[in-house]
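Each chain, written out:
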Amino acid sequence: MVRKPWGSKNLPCPYGEQDEAIGEIRFEVPLPLKRILSKYLFTNDILSIQIHPTEKFCPARIGKDECWVVTDAEPTARIAVGFREPLSALQIRSAALDGTLSDLLSWRPVKKDDLLFLPAGTVHAIGAGVTLVELQPNVDTTFRLYDYGRGRPLQIEEAIQSLAEPSAAKGIWASVDPTEEKVLLTSRHFKVAQCVGRPTGTIAAQFPSAVQVLPLSGHCRIGNCEIQPGGAGWADALHLIDFTACERALLFAAA
């Protein structure tokens, strides 16, 4: 559990009430999956306006793309991706310093089962009232443009430089049918699929090696370990996961 100023004390099952505001639950993974980081996010306030580094500005020299699957959202929940119109570096810098940057973002309502893919170098922010699963390369570098006076460091110039880099992929904002088995995303860093019950051969073919499973409804078993919604499990191969009692789950693997 990771404390965040924008986190929540009222987490969904199986975590429940907390003494401190928890923003993230990160899942530690074995070596075959170390290149990706998965976590749940819980927002009770708006996150910082931020950008993830492109290859040129990332210490690991990889673009920090990320994928979100929204598992719950309040009626007023919203997410910002990109600016409403093209802006110069001077305009972005000025708005970041005078507190008007949020007004320049492209905000949209967000709902349960929305899928978003944000290529590195995309300005974004998550509003209050959102629970989502996040998948990204295991690189702990984020450039904040604006943080609503929380006193954390900003990296305005680094963010503007990453904004100027051409994107390596197109962004995605789509709605996931919770009843449909489907490969949701295949990117340069990871792949994401949804299974409904036991995965078919089509899905299995996409995950021939180490795989992470996050049940959303029902539960999975890996050996003697039962994986409930809100948790995560890992196996060296998909066939080692028992999906008998699983109604719906997300599958992750490194590309």
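The following refers to the structure shown. This structure is a prediction, so every number in the text was calculated from the model and none was measured.

When its secondary structure is counted, the chain shows three helices and 20 strands. Summarising its shape, the C-alpha atoms of the chain cover approximately 55 × 40 × 30 Å along the three principal directions. Of all 255 residues assigned to the chain, the portion counted as buried reaches 51%. Across the chain, every contact between residues at least 6 apart in sequence was considered, and the portion connecting residues at least 24 apart equals 70%. By element, 51% of the accessible surface of the chain is carried by carbon and sulfur atoms, the whole surface being about 11,700 Å². Here the chain carries 26 positive and 29 negative side-chain charges, and the mean point of each set is 4 Å from the other.

Turning next to the side chain of D113. Along the chain, D113 turns up in the loop between β7 (105-109) and β8 (114-118). Here R248 takes part through its side chain, which lies 2.8 Å from a polar atom of the side chain of D113. Apart from the residues within four sequence positions on either side, D113 is in contact with V70, A174, S175, V176, P178 and R248.

For any pair of aromatic rings, the description rests on two quantities: the centre-to-centre distance and the angle between the ring planes. If you walk through the whole model with that rule in mind, you get three aromatic pairs. Measuring from centroid to centroid gives 6.1 Å for F27 and Y40, while their planes differ by 75°, and the two rings are edge-to-face. With F27 in strand β2 (residues 17-27) and Y40 in strand β3 (residues 36-43), the pair connects residues that are 13 residues apart, well separated along the chain. Residue Y40 is classed as buried on the basis of its relative accessible area, which comes to 5%.

Quick look at the pairing of strand β15 (residues 211-218) now. When β15 meets strand β18 (residues 233-235), the two strands line up antiparallel, connected through three bridges. Across the sheet, Q212 pairs through a bridge with W234, a residue of β18. Pairing between β15 and strand β20 (residues 246-254): six bridges, direction antiparallel. By the bridge assignment for β20, P215 is matched with A249.

Those residues of helix α2 (residues 156-164) that sit buried are I156, A159, I160 and S162. All buried residues of α2 lie within an arc of 160° about the axis, which places them on one face of the element. Contacts from the buried residues of α2 go to β4 (49-51), α1 (89-98) and β11 (143-146).

Within the secondary structure, K191 sits in strand β14 (residues 190-195). Within the structure, the side chain of K191 is placed 2.5 Å from the backbone oxygen of Q206, a separation counted as a polar contact. In this structure K191 touches L185, T186, Q206, F207, P208, L251, F252, A253 and A254, once residues within four positions along its chain are discounted.

Counting 26 residues, the largest nonpolar core has F190, V192, L214 and F252 as its most contacted members. Elements with a minimum of two residues in this core: β2, β3, β5 (66-73), β8, β10 (130-137), β13 (182-186), β14 and β20. If near-sequence neighbours (up to four positions away) are discounted, V192 is found in contact with C67, L135, V183, L184, L185, F207, L251 and F252. Counting residues in hydrophobic clusters, the runner-up holds 19 residues, among them I46, L101, L105 and L145.

Reading across the sheet, the seven strands line up as β1-β2-β3-β10-β5-β8-β12 and stay open at both edges, with antiparallel pairing between neighbours. The open sheet has two edge strands with one neighbour each: β1 (2-10) and β12 (172-175). The sheet shows a mean angle of 25° between the axes of neighbouring strands, taken without regard to direction. Here β3 runs beside β10; their pairing, made up of eight bridges, is antiparallel. Its bridge partner being in β10, Y40 is matched across the sheet by V133.

Here the residue pair C13 and P14 is connected by a cis peptide bond, since its omega of 10° sits within 30 degrees of zero. Of note, P14 is situated in the loop between β1 and β2. The backbone phi angle of R61 is positive, close to 60°, even though this residue is not glycine. Mapped onto the fold, R61 is located in the loop between β4 and β5. Residue classification places R61 among the exposed positions, given a relative accessible area of 55%. Here D113, not a glycine, exhibits a phi torsion of approximately 75°, which is positive.

Basis of the calculations
- Residues numbered from 1 in each chain as written.
- Predicted model: local features only at pLDDT ≥ 70, side-chain atom pairs only at ≥ 80, totals over all residues.
- Heavy atoms only, no water.
- Helix = DSSP H or I, 4+ residues; strand = E, 2+ residues; numbered from the N terminus.
- Buried < 20%, exposed > 50% of the residue type's maximum accessible area, 1.4 Å probe, protein only.
- Contact = heavy atoms within 4.5 Å.
- Areas by Shrake-Rupley, 256 points an atom, 1.4 Å probe, with all protein chains shown as cover.
- Lys, Arg positive; Asp, Glu negative; His and termini not counted.
- Charge placed at Lys NZ, Arg CZ, Asp CG, Glu CD.
- Polar contact = N/O pair within 3.5 Å; in protein donor to acceptor, adjacent residues only side chain to side chain.
- Phe/Tyr/Trp six-rings, centres within 6.5 Å; stacked < 30°, edge-to-face > 60°.
- Pairing = 2+ DSSP bridges.
- Arc of directions from axis to C-beta.
- Core = buried A, V, L, I, M, F, W, Y, C linked by side-chain atoms within 4.5 Å.
- Axes fitted to C-alpha atoms, helices over the stretch in contact; angles between N-to-C directions.

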